[in-house]
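Chain by chain, the residues run as shown.
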Amino acid sequence: MMKEKFKKLIAFILMMIVVISSLLGCNKSEKTNGGQKNKAMGRYVEEELLLPDEYKNSQILSLDKNANGDIEVFLFAYENNTYLKIFRNETGGWEEKVQPWLSKIKTDDYSRVASVVYGEDGIYYALVRVYDGNNGGNLIFKCQDENVEPINIIIPGLDKETDFGGYVSKPIIDTIGVLKNGDIIAYDSILRQIGLFSQDTGESLRQYDSVESFTQREDTFWAAKSEDKTIVCYTDVETEIPAENNVIDGRLAVTDKAIYLLNKEGIHRLENSGTIWQTIVDGGLSSISIPNSEYVSLEILEKEKEEYFVLLRNTNQNIKIYRYYFDESVPSVPEEELTIYSLYENSTIRQAINVFQSANSSVKINYQVALGEESSVSVNDTIRALNTELLSGNGADILVLEGLPVVSLKEKGVLADITDVVTPFVENGTLIPTIVSSYFENDKTSVLPVRFQAPFYYGSEKVIEKLDSLDLLAQYINDNPDEKIFTELTYRQIASTFLLLNYNKLIDEKEEMSKETFIQFLENLSIISKNSGGSVGVSIGSNILQEGLVKFDNANMLQDMEMTNGTTQAGIMQIRSVSDFAMPADTIRKMNFIYSDINDLFIPSLTVGLNSACKQKDLAKEFLKTLISDEVQKAVLGDGLPVNERMLTELAEMDYSNSSMSFFDGKDITSIEYPSMEELKEVFDCAKQLTTPLSYNKLLIDGIIDNITNYLEGEISIEQATQDTLNLINTYLSE
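One structure accompanies this document, and this report is about it. Note that the structure is a prediction, hence the values are computed from the model and not measured.

### What about the overall build of the chain?
A count of helical and extended segments in the chain gives 20 helices and 39 strands. For the chain, the proportion of its 735 residues judged to be buried stands at 50%. For the chain, the share of sequence-separated contacts (at least 6 apart) that also reach a separation of at least 24 residues comes to 60%.

### Section: the pattern of salt bridges
Within the structure shown, the criterion is met by 31 salt bridges. Its salt-bridge partner being Glu345, residue Arg350 comes within 2.5 Å of it at the nearest N-O pair. For Arg350, a relative accessible area of 24% translates into the label partly exposed. In this structure, Lys625 engages Glu622 in a salt bridge whose closest nitrogen and oxygen atoms are separated by 3.2 Å. One end of the pair is Lys625 and the other is Glu622, both in helix α15 (residues 617-627) and 3 residues apart, which spans about a single turn. On the accessibility criterion, Lys625 (31% relative accessible area) is partly exposed. Taking the relative accessible area as the measure of exposure, Glu622 reaches 38% and is therefore partly exposed.

### Notes on the sheet that holds strand β1 (residues 41-48)
Paired through backbone hydrogen bonds, the strands of a sheet run either parallel or antiparallel to each other. Strand order across the open sheet formed by 4 strands is β1-β26-β25-β24, with antiparallel pairing between neighbours. With one partner strand each, in any of the chains shown, β1 and β24 (294-301) form the two edges of the open sheet. With strand direction ignored, the average angle separating the axes of adjacent strands in the sheet is 25 degrees. With 7 bridges connecting them, β24 and strand β25 (residues 307-313) associate as antiparallel partners. From the neighbouring strand, Ile300 faces β25, where its bridge partner is Tyr308.

### So, the sheet that holds strand β22 (residues 266-271)
If you walk across this open sheet you meet the 4 strands as β20-β21-β22-β23, and the pairing is antiparallel. Two strands in the sheet have a free side with no partner beyond their single neighbour: β20 (251-254) and β23 (278-282). Each strand of the sheet is rotated relative to its neighbour by a mean of 20 degrees, with strand direction disregarded. Across 6 bridges, strand β21 (residues 258-263) lies against β22 in antiparallel orientation.

### Some details on the packing of helix α10 (residues 491-501) against helix α12 (residues 515-532)
Following both chains from N to C, one finds α10 and α12 inclined at 130 degrees, their axes separated by 11 Å at the closest point. Between α10 and α12, the angle is such that the two are oblique. As α10 packs across α12, the resulting crossing turns out to be right-handed. For the pair α10 and α12, the contacting residues are Tyr491, Ile494, Ala495, Phe498 and Leu499 in the first and Phe521, Leu525, Ile528, Ser529 and Ser532 in the second.

### Considering the nonpolar core
By size, the foremost hydrophobic cluster in this structure holds 128 residues, and its most contacted members are Phe521, Val608, Phe623, Phe684 and Ile708. Setting aside chain neighbours within four positions, we find Val608 in contact with Ile349, Ile398, Leu399, Val400, Leu401, Ile418, Ser446, Val447, Leu448, Val450, Leu624 and Leu627. By size, the runner-up hydrophobic cluster in this structure holds 18 residues, among which are Ile280, Val281, Val310 and Tyr322.

### Brief notes about unusual backbone geometry
Glycine aside, negative phi is the norm for most residues, and most peptide bonds take the trans geometry. For Asn81, which is not a glycine, the phi torsion comes out positive at approximately 55 degrees. Of note, Asp600 is a non-glycine position whose phi angle comes to about 65 degrees, a positive value.

### As for the pairing of β23
Remark: a regular strand shows side chains that alternate across the two faces of the sheet. Where β22 lies against β23, 4 bridges are found, and the strand directions are antiparallel. Considered in β23, the bridge of His268 is made with Thr279. As consecutive antiparallel partners, β22 and β23 are separated by 6 residues, and within that stretch Ser273 has a phi angle of approximately 65 degrees, a positive value.

### Describing the side chain of Ser289
Locating Ser289 in the fold gives a position in the loop between β23 and β24. At a separation of 3.2 Å, a polar atom in the side chain of Ser289 contacts the main-chain carbonyl oxygen of Ser286. Residues within four places of Ser289 in sequence aside, it is in contact with Lys264, Gly283, Gly284 and Arg350.

### Some remarks on the environment of Gln559
Examined against the element boundaries, Gln559 turns out to sit in helix α13 (residues 556-564). Expressed as a C-alpha distance, the spacing of Gln559 and Ala570, which sit 11 residues apart in the sequence, is 8.4 Å. Residue contacts for Gln559: discarding those within four places in its chain leaves Tyr458, Thr487, Thr568, Gly571 and Ile572. A polar side-chain atom of Gln559 sits 3.1 Å from the main-chain carbonyl oxygen of Ile572.

### Regarding the pairing of strand β17 (residues 220-225)
The buried count for β17 comes to 5 of 6 residues, which makes it a mostly enclosed element. Sheet topology note: the β17/strand β18 (residues 230-234) ladder contains 4 bridges and is antiparallel. Looking at the pairing, Ala223 lines up with Val232 of β18.

### Concerning helix α9 (residues 470-479)
Residues of α9 that are buried: Leu470, Leu473, Ala474, Tyr476 and Ile477. On an axial view of α9, the arc spanned by its buried residues comes to 160 degrees, and they lie on one face. As for α9, its buried residues are in contact with α8 (461-464), α10 and α12.

Definitions and cut-offs
- Residues numbered from 1 in each chain as written.
- Predicted model: local features only at pLDDT ≥ 70, side-chain atom pairs only at ≥ 80, totals over all residues.
- Heavy atoms only, no water.
- Helix = DSSP H or I, 4+ residues; strand = E, 2+ residues; numbered from the N terminus.
- Buried < 20%, exposed > 50% of the residue type's maximum accessible area, 1.4 Å probe, protein only.
- Contact = heavy atoms within 4.5 Å.
- Salt bridge = Lys/Arg side-chain N within 4 Å of Asp/Glu carboxyl O.
- Pairing = 2+ DSSP bridges.
- Axes fitted to C-alpha atoms, helices over the stretch in contact; angles between N-to-C directions.
- Parallel < 35°, antiparallel > 145°, perpendicular 65-115°, else oblique.
- Left-handed = near helix turned anticlockwise from the far one by under 90°.
- Core = buried A, V, L, I, M, F, W, Y, C linked by side-chain atoms within 4.5 Å.
- Polar contact = N/O pair within 3.5 Å; in protein donor to acceptor, adjacent residues only side chain to side chain.
- Arc of directions from axis to C-beta.

Structure below.
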């Protein structure tokens, strides 16, 4: 009996040892050194391929893959007026080879080689854009031998003129490709068509209504159709390939194994005969997502782990080469995440994300855009949902404040104090003090301005003096009934323009409004509306609230034409970049006009705040510093001027002597020069003196504009418009 009990005890102990050993074994498999769980490792990472110093002043023409599968770059060296081909050797270094055949291409003008391609027939071809002072043209040359003169391939269709309602233009060929049988593919950016031409006869074989992106392999080519998310394979039978991502403005590539798509979301791969696209390179973790970038080419290096090479032209027209390779030493998914929220997509935020993640590979930034292209939710409903989320202690780490009720967010403690981030950059002279100080209260701030726009009235001196107030302007119009002040706008455009420019005078920070003041505003606006010829329909200009941004100057071309011919006396210019000042500066020069600030206003086009509930405040503050860094602020993205004072100065001091702007006035093409350095310095100095941010409540503004528009159109009385506006504000305050 005792022996039987002893046996059972031994069996039980042995069983427990096995169980414990198993548990320990399981525990060990889930831990690494330091007791952390195993992490999935390996992902594609980015490397910028910097050219050797001797090539830094050269123009990169193209990136291609040769017959050996090696990546090579064609460039033009300005210093010695030589065309070169450089290629990566096995160690990753660069070797060069002079290309005398390209130097032998002779034209009678200032034309140069635009790009070089390696055809599927194993021959190099050069595309030349002709600049002859007229309609230009396109030439294609074939390299029969690197040391002899190339052959000019005659294709009449590349010089065929098209009449666009009085404006005649030849095709502008941006990209070419060559099939194995020698047929030439060419994309015309004017007609947005791909043409297939016989190299032997020069005749047009077929035209395809596709966007620019195409690629070829042997005698087959693939192109993006004009509708999003579709790729067509053109052989004897056309085959459509659904794509999960946007194919427009991207680049395609093909290998024996798969088809590849490059766009701002990344690099995507579809196996032959497959149906599921795989994202190989996350655009959000690379320079691929830099705003307003042009993807010049995508090449695939076929190894055990494929490598991807991208030629990219950024907003400053700089061309860069990036290599994407698989790195097993980095986590598959970054270990930290930072979230950013905005109502609308913002280019500067995208630029900053790229810069930040390049320096912080262990951080993934999740950029949440509430109102994307396919969103069906209203702005007001979106803002209310966000408020609920934020007041419950949730929400993104960083908030883009455009369109949000900032005053309310401050009062409810949603926005954290970021004085410790902002003040050092004011004290060291990085930030424009007048712009930044407008967001301080009691020596503290919870708002960081990142980009701003400068609105000015410009026109004849006698009128500009009367634009200090609507009372003075209305009186001037009554005294001079035959003078037209502004270009014609619709009633709604007049309502939105002058409400926004006077919002601070009409509605205070407590969202309260004086009935008497609003009635006087409407009376003055009625006089201005009748003078400018306000209409119910749609005018050529469209001064509107667009995607959360205030936009006053959509009518600038018509506005400047009327000001220079004496039809009108004044206009509004809104400076986001140098190009926005080009036409007004030309008008000011020709007419001896002046310009003046508008109620000391500047337009904040990007302001950000830190959510008080953010769990990673130190990391979030580092991102805020990135937003005002030189690298982000110097990018010209068209969304506003830099708040970084040094970058604003550099913007004015750039050489624009070779820049011009052309427009078609219905009869002729007119060219105007860019502003001079002195003109830019003067207007930017004025911009730096502005002290009052244009602010408005998005939950109120649309309703108020509706009421003003109904009054101007004669649908309701001035008393009704005023009372409806007061009711709207009171309802908002009661909520």
